[in-house]
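Geometric and topological summary
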Amino acid sequence: MLKIYHAKQARSLRVVWLAEEIGMPHEIVHMPFNPAALKAEEFLRVNPFGAVPAIEDGGVRMTESGAICQYLTERYGHAPFKKTLGDPEYPAYLQWIHAGEATLTPPLGAIAQHTLVRPVERRIGQVAAEAQDTFRERMKVLELHLSETGYLLGEDFTAADVMVGYALHLAALLGLMREAPHDVGNYWARLQQRPAYQRAVAA
Ligand SMILES: N[C@@H](CCC(=O)N[C@@H](CS)C(=O)NCC(=O)O)C(=O)O
């Protein structure tokens, strides 16, 4: 059975959410979110980066949330949740899968580090403020791709929404969704109503 190494509120939420969306049975290994657990020799054998998520699927081990979502979707997902090379939406699908982690999440990581995670004496207010500005600008781009209803690629909810959705989940934890542009705010509300998201958050 698929084994998912997960810490609450961490990027591993994407993998649990995706497994729930595609109805894939899985076992969750709950990891405490601290260096003692994540950098322990035993866990470094699973993920040498000492981070979550990590998965074991038979002989397959993977440790990048976007790559894992793509892999699980391609291997176990089905249309319309998964898009394939022949689909006209495929380039946008890939674009948003990767933008979720590579473009939307980094400023949120900086905000979390400099407002919550680091000891107070190592927090730099200007880094947090600049990262907030960056995230606001990036939400404006997301706004352009959304409409009143549906998801990133239109009516079909896909793995791209899981990847971007986790960035919005983190933004909400950091108090940034209160100022989200109109369609981004409504999109975020629709994502939160999905039973698979709710089950993943509760896991
Ligand atoms: N690019 C990786 C980032 C993984 C990552 O940084 N995970 C965080 C949790 S959100 C973590 O475990 N950090 C602990 C650490 O790096 O020490 C992904 O998308 O999976």
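Thresholds applied
Residues numbered from 1 in each chain as written. Predicted model: local features only at pLDDT ≥ 70, side-chain atom pairs only at ≥ 80, totals over all residues. Domains from an automatic or database assignment. Contact = placed C-beta atoms within 7 Å. Helix = DSSP H or I, 4+ residues; strand = E, 2+ residues; numbered from the N terminus. Nonpolar A, V, L, I, M, F, W, Y, C, P; charged D, E, K, R; others polar. Buried ≥ 20, exposed ≤ 12 C-beta atoms within 10 Å, placed from the backbone. Near = placed C-beta within 6 Å.

A common way to express how large an interface is: the accessible area buried when the components associate. We note that the domain assignment places domain 1 (2–76) and domain 2 (90–194) within the protein chain. For domain 1 and domain 2, the distance between their C-alpha centres works out to 21 Å. Listed as interface residues are 12 residues of domain 1 and, on the opposing side, 10 residues of domain 2. Taken together, the elements giving at least two residues each to the side of domain 1 that touches domain 2 come down to α1 (12–22) and α4 (65–76). The residue makeup of the side of domain 1 that touches domain 2, split by class, is 4 nonpolar, 5 polar and 3 charged.

Spacing of three or four residues puts side chains on the same side of an α-helix, whose turn is 3.6 residues. α1 sits mainly inside the fold: 10 of its 11 residues count as buried. Taken together, the buried positions of α1 are S12, L13, R14, V15, V16, W17, L18, A19, E20 and E21.

So, about the site of the ligand. As a structural note, the neighbourhood of the ligand is formed by A10, R11, L38, G50, A51, V52, P53, E64, S65, G66 and E101. Among the residues making up the shell around the ligand, the classes are represented as 5 nonpolar, 3 polar and 3 charged.

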